[in-house]
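# Structure at a glance
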Amino acid sequence: MSATTRKAKQFLVVIIKLLIVGGAFYFIYDRIANNEQLDWVRFTDALQQKHSFWIVFLILLLTFLNRFLEILKWQNLVSYIQPLTLGKATEQVLAAVTAALFTPNGIGEYAAKAMYYSKKQSKTILMLNLVCNGIQPIYTVVFGLFGLFFFNFLYNAIPAKVLFLIFAIVFTLLFVFFSARKMTIKGYSLHKLFQKINEVPKSIHRKNILLASGRYLSMIHQHYLLFLAFDVALPYPIMISVIACVYFLGSSLPSFQFLDFAVRGSVAVYFFGILGVNEWIVVFAATLQWLLNIVIPVTIGSYFVFRFKSARTDSDEDITISHPE
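Residues numbered from 1 in each chain as written. Predicted model: local features only at pLDDT ≥ 70, side-chain atom pairs only at ≥ 80, totals over all residues. Heavy atoms only, no water.

- Going by what an unreviewed UniProt entry lists, the chain is known as Flippase-like domain-containing protein and is assigned to Flavobacterium cerinum.

## A word on the overall build of the chain
- Counting its regular elements, the chain contains 12 helices and two strands.
- Moving toward the C terminus, one meets the helices and strands of the chain in the order α-α-α-α-α-α-α-β-β-α-α-α-α-α.
- The proportion of buried residues among the 325 residues of the chain is 46%.
- A separation threshold of at least 6 residues defines the contact pool for the chain, and within that pool the share at least 24 residues apart is 75%.
- Roughly 17500 Å² of accessible area belongs to the chain as shown, and the carbon and sulfur atoms make up 69% of that amount. (Helix = DSSP H or I, 4+ residues; strand = E, 2+ residues; numbered from the N terminus. Buried < 20%, exposed > 50% of the residue type's maximum accessible area, 1.4 Å probe, protein only. Contact = heavy atoms within 4.5 Å. Areas by Shrake-Rupley, 256 points an atom, 1.4 Å probe, with all protein chains shown as cover.)

## Digging into the pattern of salt bridges
- In the structure shown here, the tally under the stated rule is four salt bridges.
- Notably, a salt bridge pairs Glu-70 with Lys-73, separated by 3.3 Å at the nearest N-O pair. In this pair, Glu-70 and Lys-73 both sit in helix H3 (residues 52–78), three residues apart, roughly one turn of the helix. Of the two residues, Glu-70 and Lys-73, both sit in the buried class.
- With a closest N to O distance of 2.9 Å, Lys-113 and Glu-109 form a salt bridge. With Lys-113 and Glu-109 both in helix H5 (residues 108–114) and four residues apart, this pair spans about one turn of that helix.
- Residue class for Lys-113 comes out buried when judged on its relative accessible area of 1%. (Salt bridge = Lys/Arg side-chain N within 4 Å of Asp/Glu carboxyl O.)

## Section: the confidence of the model for the chain
- Here the chain averages 79 in pLDDT, while 70% of its residues score no lower than 70.
- The lowest-confidence element of the chain is strand E1 (residues 184–185), averaging 58 in pLDDT; the highest-confidence one is helix H9 (residues 202–229), averaging 94.
- With pLDDT under 50 throughout, residues 313–325 is counted as low confidence; its partners more than four residues away or in other chains account for 35 contacts. (pLDDT = per-residue confidence, 0-100.)

## Some remarks on the nonpolar core
- Trp-74, Phe-227, Phe-271 and Phe-272 are the most contacted members of the largest nonpolar core, which totals 78 residues.
- Per-element accounting of this core gives the leading share, 14 residues, to helix H12 (residues 279–307).
- In this structure, Trp-74 is in contact with Leu-84, Ala-89, Gln-92, Val-93, Lys-113, Tyr-117, Ile-125, Leu-128, Asn-129 and Cys-132, ignoring residues within four places of it in sequence. (Core = buried A, V, L, I, M, F, W, Y, C linked by side-chain atoms within 4.5 Å.)

## Thoughts on the UniProt feature "transmembrane region" (unreviewed entry) in the chain
- Per the UniProt record, "transmembrane region" (unreviewed entry) is annotated on residues 12–32, 52–69, 125–150, 162–180, 224–249 and 280–306.
- Within residues 52–69, the helical portion is 100% and the strand portion 0%, while the C-alpha atoms at the span's ends are 25 Å from each other.
- Between the C-alpha atoms that bound residues 280–306 there is a distance of 37 Å. The span itself is 100% helix and 0% strand. (UniProt positions renumbered as here; feature names shortened; annotations may be inferred.)

## Some details on the packing of aromatic side chains
- Going through the model one piece at a time under the given rule, you end up with 14 aromatic pairs.
- A centroid spacing of 5.2 Å and a plane angle of 80° characterise the contact between Tyr-270 and Phe-271, whose relative ring orientation is edge-to-face.
- The partly exposed category is assigned to Tyr-270, whose relative accessible area is 43%.
- The rings of Phe-151, Tyr-155, Tyr-270 and Phe-271 are connected pair by pair, giving a single aromatic cluster.
- Geometry around Trp-74 places Lys-113 over its ring, the cationic atom sitting 4.1 Å from the centre. (Phe/Tyr/Trp six-rings, centres within 6.5 Å; stacked < 30°, edge-to-face > 60°. Lys NZ or Arg CZ within 6 Å of the ring centre and 35° of its normal.)

Right, dumping it as structure tokens:
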């Protein structure tokens, strides 16, 4: 490769980094500055209430725990092909969150993580990332359906036909998914994917399932504590069931990560409105959770994006992982 071509490639990488980070901060600013339903004065007043210190402390603790468990999940899964330090796992997860901000349902995360490894490892890394991310929707769907059924039993929020349709769609998708596992498209099939997944040691899968359950619990209880901070006093089972519904139905709609709070907030407004919770509280809680779980990791991840150097080179494809200078 000529020196001119190499410099052009380096310049292109710098431009891409600037676009990713600059775009991330622009969308974050735009969503906060132009949201008229965010009443920061009311929020400040709510924080001055009795016991608010401990609620805020627990919310921040769960914020850390949510992302930390995700980092541990990735470190655990990558150990299948090579040891990965906690620092490197943190770098890869946070950089991937930043790079995935503009892609539907965070799909850009797959490409971002793969860039840290050689081309020979790309398929394995994509498979491991699928396992890492795939376990969370399972919890979301299972507990979301239970929550939806429980809440609907108490409040009849959704007509029986619509509820039946939701269950029918879920089970139809599961049936199609498993029925098509042997269907091959350009040499790829779900059957081969399952074979690759089964090659991963069961101890790694068990740890992944345990960490994923902890992450799901931390997320829904963080949302619950945000409502407590606004002095929303409703029975715990009802609150958790509604939050589980919101996560299930909100996650079912295709969206970008920077719009996540708007999609989930819209669903939450309907369900919490049935319980008589003020709309601004619902919107504010969804936005705060977005700030804590997306904006903060993206802000830290931007640093790692700038430091990133690809492990892939034209002369040596066996380098396994990048080491930022």
